[in-house]
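Read off the chains here:
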Amino acid sequence: MTGERRDEAPPAGPGAAPGEALWAGRFAAAPAPEAHALGRSLHYDVRLAAYDVLAGIAHVGALEAAGLLDAQDAVRLAEALRAVGAAIADGTFIVDDADEDVHSAIERGVTGVVGDLGARLHAGRSRNDLVVTDVRLWALEAVRRIDGLTTMLIRTLVDRAREHAETVVPGTTHARLAQPVTLGHHLLAHAWALVRDLERLGEWSVRTDVSALGAGALGTSTLGLDPAATAGRLGMRTAFDNSIDAVSDRDFALEFLGHATILAMHLSRLAADLARFTDEALGWAELDEGYATGSSMMPQKRNPDTAELARGKAARVVASHVRLAGLLQGLPLGYHRDLQEDKEPLFDAADTLELVLPALIGAVATVRFDLEAMRRAAEAEGLYATDLAEALVASGVPFREAHRRTGLLLKELAAAKRTLRDLTPEEWSSFGVPDGAALLDPDHAVRARSAAGGPSPGSVRAQANTLQRILSERRTGAPTL
Ligand code: ARG
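1. Digging into the packing of helix α3 (residues 49-65) against helix α4 (residues 71-90)
So, point 1. The geometry of α3 relative to α4 is characterised by a closest axis approach of 9 Å and an angle of 175 degrees between their N-to-C directions. Regarding the angle of α3 to α4, the classification is roughly antiparallel. On α4, the residues touching A49, V53, G56, I57, V60 and E64 of α3 are A71, A74, L77, A78, L81, R82, G85 and I88.
So, point 2. Taken together, the residues of the contact of α3 with α4 break down into 10 nonpolar, 2 polar and 2 charged.

2. What about the packing of helix α10 (residues 251-277) against helix α12 (residues 314-328)?
So, point 1. In contact at an axis separation of 8 Å, α10 and α12 are set at 160 degrees when each is read in the N-to-C sense. Classified by the angle between their axes, α10 and α12 sit roughly antiparallel to one another. Classified by chirality, the crossing of α12 by α10 is left-handed. In contact with A253, L254, L257, G258, A260, T261, A264 and S268 of α10, α12 contributes A314, V317, V318, S320, H321, L324, A325 and L328.
So, point 2. In the contact of α10 with α12, the residues fall into 11 nonpolar, 5 polar and no charged.

3. Notes on the pairing of strand β2 (residues 176-182)
So, point 1. For strand β1 (residues 168-173) and β2, the ladder comprises 6 bridges, and the chain directions are antiparallel. Bridge pairing in β2 links T173 to R176.
So, point 2. Between β1 and β2, which pair antiparallel in sequence order, lie 2 residues; one of them, H174, sits at a positive phi of approximately 55 degrees.

4. Some remarks on the site of the ligand
So, point 1. Residues in close proximity to the ligand include S41, D101, H103, R127, N128, V131, Y335, R337, Q340 and K343, which together make up its full environment.
So, point 2. Note that a nitrogen atom of the ligand is positioned 3.0 Å from one of the side-chain N or O atoms of N128.
So, point 3. In the model, an oxygen atom of the ligand is placed 2.6 Å from a nitrogen or oxygen of the K343 side chain.
So, point 4. Within the complex, 86% of the 340 Å² of free accessible area of the ligand lies under protein.

5. With respect to helix α20 (residues 457-475)
Side chains three or four residues apart in an α-helix point the same way, a direct result of the helix having 3.6 residues per turn.
So, point 1. Across its 19 residues, α20 extends 27 Å between first and last C-alpha, which sits within 8% of the 27 Å expected from 1.5 Å per residue.
So, point 2. Those residues of α20 not exposed but buried are P457, S459, V460, Q463, A464, L467, I470 and L471. End-on view of α20: buried residues confined to an arc of 155 degrees, all on one side of the axis.
So, point 3. Next to the buried residues of α20 lie α6 (127-163), β2, α7 (183-208) and α19 (442-448).

6. Digging into unusual backbone geometry
So, point 1. Backbone geometry at H174 places phi at a positive 55 degrees, although glycine is not the residue there.
So, point 2. Along the chain, H174 turns up in the loop between β1 and β2.
So, point 3. Among the residues examined, H174 registers a relative accessible area of 72% and is labelled exposed.
So, point 4. Notably, T220 is not glycine yet its phi reads approximately 60 degrees, a positive angle.
So, point 5. Looking at where T220 falls in the secondary structure, it is placed in the loop between β3 (210-211) and α8 (227-233).
So, point 6. According to the relative accessible area criterion, T220 is partly exposed, its value standing at 40%.

7. Some remarks on the pattern of salt bridges
So, point 1. Across all of its chains, the model carries 30 salt bridges by this definition.
So, point 2. With a shortest N-O distance of 3.5 Å, D73 and R76 are connected by a salt bridge. One end of the pair is D73 and the other is R76, both in helix α4 and 3 residues apart, which spans about a single turn.
So, point 3. Residues joined by salt bridges that share partners form a network here, namely E286, D288, E289, R302 and R368.

About the cut-offs
- Residues numbered from 1 in each chain as written.
- Predicted model: local features only at pLDDT ≥ 70, side-chain atom pairs only at ≥ 80, totals over all residues.
- Heavy atoms only, no water.
- Axes fitted to C-alpha atoms, helices over the stretch in contact; angles between N-to-C directions.
- Helix = DSSP H or I, 4+ residues; strand = E, 2+ residues; numbered from the N terminus.
- Parallel < 35°, antiparallel > 145°, perpendicular 65-115°, else oblique.
- Contact = heavy atoms within 4.5 Å.
- Nonpolar A, V, L, I, M, F, W, Y, C, P; charged D, E, K, R; others polar.
- Left-handed = near helix turned anticlockwise from the far one by under 90°.
- Pairing = 2+ DSSP bridges.
- Near = heavy atom within 4 Å.
- Polar contact = N/O pair within 3.5 Å; in protein donor to acceptor, adjacent residues only side chain to side chain.
- Areas by Shrake-Rupley, 256 points an atom, 1.4 Å probe, with all protein chains shown as cover.
- Expected span 1.5 Å × (residues − 1).
- Buried < 20%, exposed > 50% of the residue type's maximum accessible area, 1.4 Å probe, protein only.
- Arc of directions from axis to C-beta.
- Salt bridge = Lys/Arg side-chain N within 4 Å of Asp/Glu carboxyl O.

Okay, here's the thing in structure tokens:
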């Protein structure tokens, strides 16, 4: 089906007339409505408006520097760009059906404010170099917000870890009781993962802070514009090195989604731990009512929906990453309209992180740990088997032999329906660990693991100090990461 053509395109004036696309000059007819509908991105790329205005103003500076605009016109154009940006922001901008995207809408809006002068704005630029510069600026800002929220979550984990530097809890492997650890140590394991996310996002920001303005459609222009000066005007670190790469490259977007995927995965694992610790079967913690939900049918319920959604939302971010990778693979260099599809996955991933992070910060800050329940669980004798084997090792027994002997002891006790706590001093001596009974103590067990990076209270405090130093050095720009 070809669809019905709209009215003939009006004759070309100095700028795009209402109802006319920016590129209508070469065309006798307006696009088919369904083609227009397919190509339209304004409903989502309007989020780029503020950055499109900034990029527009930087480009006006380039035109002025090249002698293509006098100072007065440059000021008028910049003011018109700001006015259109403000109108979009406060909802008073009237959208024209022909506006394909935010760039067309803003350029038409500028022409509406300054008349024919607006027609000078797009010299030496293309939506190809403009859109990618806008997206870079948007992403840099989104990452600053995500970085701030992630930092806040790390601080919350560090605070809770300091509170619980001495709180004992069973450490698990395969979700089965393994060795006693401190709750602070477990919480900081999440914090260290998030610090790596900050590190990745920081490196990413340096690579992404590159302006494509001046690249034009793909091959710069004949107008003597200076891309480096434009980048400087825009407050960006540098300009592109190759104009074809500048308009083709979406590495920064894919990389952001890769980093966002790892961050979302970390958040999902933290959420999974919150759900597990607050599982009634364990009873190690309870979510604050503000972060729990009831059941519409079962009055007794206190469900961990916040944690479950934080876990489930990671799927969206993973999907966005896959979506963009699928879009980019196999695309020849140069701009292709396919690239318009880069934005929604980016927006969705950033929105998801900005939704999940605050909820997790609140849930972690307010979760109540049941110290008694964790201690009771940490007294389970099995948690001390490795320590007994290591005590034998310390007295000279080869580890394999020590492992076997300890296993045998546990087997005999189980068969006799006894526990390690029932052993007499004589039995401990004949086992080869005369002070064995003293080893079956969670506080002793965690303090005995005094290696740096281990679960001892001293190590938890040292880790918390290091994390705090890393965060404050990042804030002051010192190169810790
Ligand atoms: N809306 C387009 C995008 O997001 C802007 C670039 C259009 N360029 C073009 N040659 N049609 O990619």
